[in-house]
Amino acid sequence: PAPRWVLLLGKYIGVVSFVFMQSVVFVGGTWLAIGVRTGFWDPTYLLAIPLLMLQFSIFFAFSTLLAVWTRSTVVCVFGSILFWCVAWSMNFGRHTLMTATDMVSTTVRSSYLSGVIDFGYWILPKPADFGLLLYDALGAGDDFGNMLDVGAMQAHGFSMLLAVLTSVAFGIVALLASTRMFLKADY
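All values derive from a computational prediction rather than experimental measurement.

## Here's the deal with the packing of helix α6 (residues 127-137) against helix α9 (residues 160-184)
Here's step 1: Close contact between α6 and α9 brings their axes to 10 Å; oriented N to C, the two are set at 135 degrees. Taken as axis vectors, α6 and α9 run oblique relative to one another. Two packed elements cross with a definite hand, and for α6 against α9 that hand is left-handed. The residues of α9 that touch α6, namely those facing Asp 129, Phe 130, Leu 132 and Leu 133, are Met 160, Ala 163, Val 164 and Ser 167.
Here's step 2: Considered class by class, the residues forming the contact of α6 with α9 number 6 nonpolar, 1 polar and 1 charged.

Structural data, given as structure tokens:
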């Protein structure tokens, strides 16, 4: 018989593969539809597929951890949604705070709270940064304006590569923790 960790990873890979197929159909289909309708064939739109899959696999790893830990579908679903909201809020809030120029943000940046915000930012996944990465790759800032001042963010320690790597590291740690928990769980 297969070890328990292989069963868990097999389910994880199966769900990620299923979502991959769905994202290829949706993103590829919309790319084709837009291209046929407008005659504009921008291949950078297809970057949405790997970015979507990377973000999904990270949050699904957390969902797997919740599922193994609580054995409750409701906790797993709503906990994952709540976790995404917390991660997005921390991510977007840190960037907004670090790029603001008023007196309050200057005071907060130099306080103990700044360390807590930075710690939360670097530990949690960064869904807003994945959105910024796609926004930048598509050149959407030329047509819709910039969401955040990336130059100011870089002056405060922002690195897109580090943001992606730490998000991936979070997903790996969550998946490893869930496999370890699943090995010790009594079912």
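## Examining unusual backbone geometry
Here's step 1: Of note in the backbone geometry, Arg 71 takes a positive phi value of approximately 60 degrees without being a glycine.
Here's step 2: Along the chain, Arg 71 falls in the loop between α2 (48-70) and α3 (73-99).

## A look at helix α1 (residues 4-38)
Here's step 1: The first and last C-alpha atoms of α1 sit 50 Å apart over 35 residues, in line with the 51 Å expected at 1.5 Å per residue.
Here's step 2: Within the span of α1, buried status applies to Leu 8, Tyr 12, Val 16, Ser 23, Val 27, Gly 28 and Gly 35.
Here's step 3: In this fold, the buried residues of α1 make contact with α2 and α9.
Here's step 4: At the C-terminal side of α1, Gly 39 shows a positive phi close to 80 degrees.

## Brief notes about the environment of Phe 182
Here's step 1: Counting through the fold element by element, Phe 182 comes out in helix α9.
Here's step 2: By relative accessible area, which is 17% here, Phe 182 ends up buried.
Here's step 3: A sequence separation of 175 residues divides Phe 182 from Leu 7, and the C-alpha atoms of the two residues are 9.7 Å apart.

## Examining a nonpolar patch on the surface
Here's step 1: On the surface, Val 74, Val 77, Phe 78 and Ile 81 cluster together into a nonpolar patch covering about 400 Å² of accessible area.
Here's step 2: The class for Val 74 is exposed, based on a relative accessible area of 54%.

## Notes on the nonpolar core
Here's step 1: One finds Tyr 12, Phe 62, Phe 83 and Phe 170 to be the most contacted residues of the largest nonpolar core, which totals 19 residues.
Here's step 2: When contributions to this core are tallied by element, the ones reaching two or more residues are α1, α2, α3 and α9.
Here's step 3: Contact partners of Phe 62, with chain neighbours within four places excluded, come to Gly 79, Ser 80, Phe 83, Phe 170 and Ala 174.
Here's step 4: Membership of the second largest hydrophobic core comes to 6 residues, among which are Tyr 121, Leu 132, Leu 148 and Ala 163.

## Describing the packing of aromatic side chains
Here's step 1: If you walk through the whole model with that rule in mind, you get 10 aromatic pairs.
Here's step 2: Ring geometry for Trp 31 against Trp 41: centres 5.2 Å apart, planes inclined by 75 degrees, an arrangement best described as edge-to-face. One end of the pair, Trp 31, is in helix α1; the other, Trp 41, is in the loop between α1 and α2, with 10 residues separating them in the sequence.
Here's step 3: For Trp 31, a relative accessible area of 21% translates into the label partly exposed.
Here's step 4: Judged by its relative accessible area of 41%, Trp 41 falls in the partly exposed class.
Here's step 5: Through pairs of rings, three or more aromatic residues link up here, namely Phe 59, Phe 62, Phe 83 and Phe 170.
Here's step 6: When the ring centre of Tyr 121 is taken as origin, the NZ or CZ atom of Arg 94, which lies over that ring, is 4.3 Å away.
Here's step 7: The aromatic ring of Tyr 121 is capped on one face by Lys 126, whose charged end is 5.2 Å from the ring centroid.

Rules used in this analysis
- Residues numbered from 1 in each chain as written.
- Predicted model: local features only at pLDDT ≥ 70, side-chain atom pairs only at ≥ 80, totals over all residues.
- Heavy atoms only, no water.
- Axes fitted to C-alpha atoms, helices over the stretch in contact; angles between N-to-C directions.
- Helix = DSSP H or I, 4+ residues; strand = E, 2+ residues; numbered from the N terminus.
- Parallel < 35°, antiparallel > 145°, perpendicular 65-115°, else oblique.
- Left-handed = near helix turned anticlockwise from the far one by under 90°.
- Contact = heavy atoms within 4.5 Å.
- Nonpolar A, V, L, I, M, F, W, Y, C, P; charged D, E, K, R; others polar.
- Expected span 1.5 Å × (residues − 1).
- Buried < 20%, exposed > 50% of the residue type's maximum accessible area, 1.4 Å probe, protein only.
- Patch = residues over 30% accessible without salt bridge, like charges linked within 9 Å, V, L, I, M, F, W, Y side chains within 5 Å.
- Areas by Shrake-Rupley, 256 points an atom, 1.4 Å probe, with all protein chains shown as cover.
- Salt bridge = Lys/Arg side-chain N within 4 Å of Asp/Glu carboxyl O.
- Core = buried A, V, L, I, M, F, W, Y, C linked by side-chain atoms within 4.5 Å.
- Phe/Tyr/Trp six-rings, centres within 6.5 Å; stacked < 30°, edge-to-face > 60°.
- Lys NZ or Arg CZ within 6 Å of the ring centre and 35° of its normal.

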